[in-house]
Amino acid sequence: MKPLKLLISGPVGAGKTTFIQSLSEIPVVETDELASENIGKTYTTVAMDFGMLELDGIRIQLWGTPGQNRYKFMWDILAEGALGLILLVSGEQPQDFIVARSMLEYITSQHPIPYLLGVTRQDQPDVWTPEDVADFFGLPPEHVIGINATRATSSIQTLIALLEQIQNQKWRGIP
Amino acid sequence: MTNYELKDQPLEIQNILELLLLSVPKLTGALLATTDGLPIAYKLERLDVEQISAMISTNVGLGKRIAASRGIDPMQAVIVQGAGGYLCMYSVGDRHVLAVEATQDASLGIIHITAQRFALKITNQLLNLNTTLGTLAVFEDPWAVS
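Since the model is a prediction, treat every value here as computed from it, not as a measurement.

Observations regarding the sheet that holds strand 4 (residues 85–92) of chain B
Residues and elements named next belong to chain B.
Then comes step 1: Strand order in the open sheet formed by 5 strands is 2-1-5-4-3, with antiparallel pairing between adjacent strands. The two strands at the open ends of the sheet, each matched to only one other strand, are strand 2 (39–43) and strand 3 (77–82). Along the sheet, successive strands turn relative to each other by an average axial angle of 10°, direction set aside.
Then comes step 2: Pairing of strand 1 (residues 27–34) with strand 5 (residues 96–102) involves 7 bridges; the strand directions are antiparallel. Note that in strand 5 the partner of Leu27 across the bridge is Ala102.
Then comes step 3: Each of strand 1 and strand 2 touches helix 1 (residues 11–23); the most contacted strand, strand 2, lies at about 35° to it.

Considerations on the nonpolar core
Then comes step 1: Of all hydrophobic cores here, the largest spans 76 residues; its most connected members are Leu87(A), Leu32(B) and Leu98(B).
Then comes step 2: For this core, the element with the highest residue contribution is helix 3 (residues 108–130) of chain B, accounting for 6 residues.
Then comes step 3: Residue contacts for Leu98(B): discarding those within four places in its chain leaves Leu32(B), Tyr90(B), Val92(B), Ala115(B), Ala119(B) and Ile122(B).

Some words on the packing of helix 1 of chain B against helix 3 of chain B
Residue and element names in this part refer to chain B.
Then comes step 1: It is the contact of helix 1 with helix 3, at a shortest axis distance of 10 Å, that shows an interaxial angle of 170°. When the axis of helix 1 is compared with that of helix 3, the two are roughly antiparallel. Contacts between helix 1 and helix 3 involve Glu12, Ile13, Ile16, Leu20 and Ser23 from the former and Thr114, Ala115, Phe118, Lys121, Ile122, Gln125 and Leu129 from the latter.
Then comes step 2: The residue makeup of the contact of helix 1 with helix 3, split by class, is 7 nonpolar, 3 polar and 2 charged.

Describing the interface of chain A and chain B
Then comes step 1: On the side of chain B, 19 residues touch chain A, which itself brings 14 residues to the contact.
Then comes step 2: Elements that contribute at least two residues to the side of chain A that touches chain B include exactly strand 2 (32–34) and helix 2 (72–79) of chain A.

Focus on the sheet that holds strand 7 (residues 115–120) of chain A
Residues and elements named next belong to chain A.
Then comes step 1: The 6 strands are arranged 4-5-1-6-7-8 in an open sheet whose pairing can be described as mixed. Looking along the sheet, the strands with just one partner apiece sit at the ends: strand 4 (49–55) and strand 8 (144–146). When strand polarity is set aside, the average angle formed by the axes of neighbouring strands in this sheet is 25°.
Then comes step 2: In terms of strand pairing, strand 4 meets strand 5 (residues 58–64) through 7 bridges, oriented antiparallel. Each residue of the ladder has a partner; that of Met52, found in strand 5, is Gln61.
Then comes step 3: Packed on one face of the sheet, helix 3 (residues 97–110) meets strand 1 (4–9), strand 6 (84–90) and strand 7 and runs near 170° to strand 6.
Then comes step 4: Against the sheet, helix 4 (residues 130–137) contacts strand 7 and strand 8, and its axis sits at roughly 150° relative to strand 8.

A closer look at the environment of Leu53(A)
Residue and element names in this part refer to chain A.
Then comes step 1: Tracing the chain through its elements places Leu53 in strand 4.
Then comes step 2: Of the residues examined, Leu53 has 18 C-beta atoms within 10 Å and is grouped as partly exposed.
Then comes step 3: Distance from Leu53 to Ser24, taken between C-alpha atoms, is 5.2 Å for residues 29 residues apart in sequence.
Then comes step 4: In this structure Leu53 touches Leu23, Ser24, Glu25 and Ile60, once residues within four positions along its chain are discounted.

Considering the pairing of strand 2 of chain B
Residues and elements named next belong to chain B.
Then comes step 1: The buried fraction of strand 2 amounts to 4 of the 5 residues, a majority that puts the element mostly inside the structure.
Then comes step 2: As paired elements, strand 1 and strand 2 share 4 bridges and run antiparallel to each other. Within the sheet, the bridge partner assigned to Leu32 lies in strand 2 and is Ala41.
Then comes step 3: Once strand 1 ends, the chain turns through 4 residues before running back antiparallel as strand 2, passing Gly37 with a positive phi of about 85°.

Parameters and conventions
- Counting restarts for each chain: residues are numbered from 1 in the order of the written sequence.
- Chains and ligands are labelled sequentially in the order written, the chains with letters from A and the ligands with numbers from 1.
- Given that the model is predicted, a residue must reach a pLDDT of at least 70 before its local features are reported, and side-chain atom pairs must reach 80 or more before they are shown or counted; all residues, however, enter totals for whole chains, interfaces and linings.
- Being paired, for any two strands, means DSSP has found at least two bridges between them.
- In this description a helix means any DSSP run of H or I spanning at least four residues, a strand means any run of E spanning at least two, and both kinds are numbered starting from the N terminus.
- Lines fitted to the C-alpha atoms define the axes, with helices restricted to the stretch that makes contact. Angles between their N-to-C directions range from 0 to 180 degrees.
- By definition, residue pairs are in contact when their C-beta atoms, positioned from the backbone, come within 7 Å.
- By definition, a nonpolar core groups buried Ala, Val, Leu, Ile, Met, Phe, Trp, Tyr and Cys residues that are joined through C-beta atoms within 7 Å.
- Field definition: a residue is buried when 20 or more other C-beta atoms are found within 10 Å of its C-beta, exposed when 12 or fewer are, and partly exposed for counts in between, with C-beta atoms placed from the backbone.
- Geometric relationships in this document are graded by angle, where less than 35 degrees denotes roughly parallel, more than 145 denotes roughly antiparallel, 65 to 115 denotes roughly perpendicular, and other angles denote oblique.
- Residues are sorted three ways: Asp, Glu, Lys and Arg are charged, Ala, Val, Leu, Ile, Met, Phe, Trp, Tyr, Cys and Pro are nonpolar, and all the rest, Gly among them, are polar.

Below is the structure:
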């Protein structure tokens, strides 16, 4: 069976690389370079992150994009053949919501694939909840999920929620 | 931390790029950008500089990763060869990338040797620009004629 290609996108600092690292069963292929802008971290992805895992017998490939708008061309390149999109946004950075919204619109208009909006940093106090973010984005609540990267099952739950969107039924793994 | 605005290209770097373009026949353009895709200085025509800087940084970043995974690192150059010419991309220190554009009848070997010499010049110049200390680490030019 062909592996399932999933796209992981979102603004700078949303936690795309961390999300892929938390799920991948192979060493993640990273393209991190020193950031010369003040983006709240030392390194930033310039080409892609690539990770793989097997979930209930299904091979899944995770392709992470760079976050900055100047890397828009990579979103299109990596979205080629993807069957689902997880767009991550930090619940601590509401100033990024507008950018995240336009990324979501851009990618899903160019590549109409099932998507899920993941709101990261749910372990932090004063964080935006997935319900609040769904309201703000005007998205149905089932399309928005909270992610707490400090809990091992959180990323897997996100993945399963997206697979349920793709299959349009409760996840039962491979029959 | 390097953080130049596009409007104030450092004159020293522009001069080095100009010298590079004069040093090799058939060169049509040169650009220096950060490894995370921000343009610093350029001598290029008809190009969206911000867009091409991002693309070059992606290509060099991926090239570094490929070189590392195949055990041929540190990566030195990535080349795009088209029917209309070349775009050669070089790693400059830890934080910068140099791109050189040439027509298809240019000599790739001469471009390589010259561009990598200039990459060292640029590294040293950037250290000069960024340091406030009196002493500077200077990289040796392996091709220097003594």
